Each structure stands twice: as structure tokens, then as C-alpha cells.
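Architecture and fold: a report
Here is what each chain is made of, one letter per residue.
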Amino acid sequence: MMFGWVLLSLLVCLLRKGEAIWLTVPASGTKCVSEELHNNVVVLADYFAISDDHSNPIPTISVKVTSPFGNNLHHKENMTHGQFAFTTTEAGNYLACFWVDGHNPGGGSLTVNLDWKTGIAAKDWESVARKEKIEGIELELRKLEGAVEAIHENLIYFMNLKHVLQTS
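These numbers were taken from a predicted model, which means no experiment stands behind them.

1. With respect to the packing of aromatic side chains
Using the criterion set out here, one finds 6 aromatic pairs in the structure. On the basis of an interplanar angle of 65° and a centroid distance of 5.7 Å, the ring pair of Y47 and F98 is categorised as edge-to-face. One end of the pair, Y47, is in strand 3 (residues 42-51); the other, F98, is in strand 7 (residues 92-100), and 51 residues separate them in sequence. Judged by relative accessible area, F98 falls into the buried class, the value being 0%. An aromatic cluster of three or more residues is present, and its members are Y47, F84, F86, Y94, F98 and W116.

2. Structural notes on the nonpolar core
One finds Y47, F98 and V112 to be the most contacted residues of the largest nonpolar core, which totals 22 residues. Of all the secondary structure elements, the ones that give two or more residues to this core are strand 1 (20-25), strand 2 (30-37), strand 3, strand 4 (61-66), strand 6 (81-87), strand 7 and strand 8 (110-118). The contacts of V112, once residues within four sequence positions are left out, are I21, W22, L23, V25, Y47, F48, I61 and F98.

Definitions and limits used
Residues numbered from 1 in each chain as written. Predicted model: local features only at pLDDT ≥ 70, side-chain atom pairs only at ≥ 80, totals over all residues. Heavy atoms only, no water. Phe/Tyr/Trp six-rings, centres within 6.5 Å; stacked < 30°, edge-to-face > 60°. Helix = DSSP H or I, 4+ residues; strand = E, 2+ residues; numbered from the N terminus. Buried < 20%, exposed > 50% of the residue type's maximum accessible area, 1.4 Å probe, protein only. Core = buried A, V, L, I, M, F, W, Y, C linked by side-chain atoms within 4.5 Å. Contact = heavy atoms within 4.5 Å.

Structure follows, in C-alpha cells:
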């Protein structure tokens, strides 16, 4: 019984909440973020630009998202906001890079808000609840079940990775 409570506590701590990150993108140069992901992970992201000097019109940015082997997953230019979604097909480091478009007025830096969600955090639980007509405790248990499955998949991935590293 004690093991069950410890496991439940661990699961609650490991559940990833979707939180946005803020990037200061210089007037010239690129700012990138990356995440190490394994195969078959859903990624959802929203981004938007905010002028540091609050100028109008809002400066535009370019964004490029690439897989570990350099495959383009998302590439947009002259954007003030956007979103992307994909399911990973390669294990490794996924990279999202942002830069200020060269024709922006003022030429200063800007801030990009990036809300990047992966795996179980990317699941649309409101749709699941409506579709399956569940709510309250049952919905929370379903979320925990999804988290347990995600942790199990991560453990298998890391055990396989450890085995590969030990044999090479």
C-alpha cells in the first residue's frame, strides 16, 4: 500500500503542466530551444511575437523547426503568431529556432512566447471528456492513466538506450 502512495506521488510530480517560455530574440541572430524526444511523441506548440518597445505594427519573426536528422517540420516567415504540430518519427533532439525578420521597423529585439507541449500534456482532454461523457474524478483518473503509460514508455525507451550504450 505504501508503494502505491509513493508511486502516485511520483506520478503527480512527473506530470508536466503546459507552461510557456519567453525568449528574447536579438535584432540580428537566432534564438533556439530544443527538447530530446523519443519516437512517436505528439508535439503541439503556439508562438507569438511581442515588441520589446511596444511598437505598432508588431514586428514579424521567422521560425524553423527541425528533427534530429535535419528534416524540416515547420518553416514560416513574416509571422506575428503561429502554431505547429507533429508526431516525432525520429528519436533525438528537436530544435525550434526564431529570428527577427530583417525588414522590421525599429530594428530592436523582441520577445517570443512559446507554449510547447509534448506527449500527455499535448492531449486535448476537453475533447476526450466530451466524446466519452466523463468528468470529475473519472477524467482525472484517465489523465493519470495516460501519465502512467507515458512514464512506462519513457522507462522502456531509457532502458533500451542504456542497453545500446552499454553494448557499443
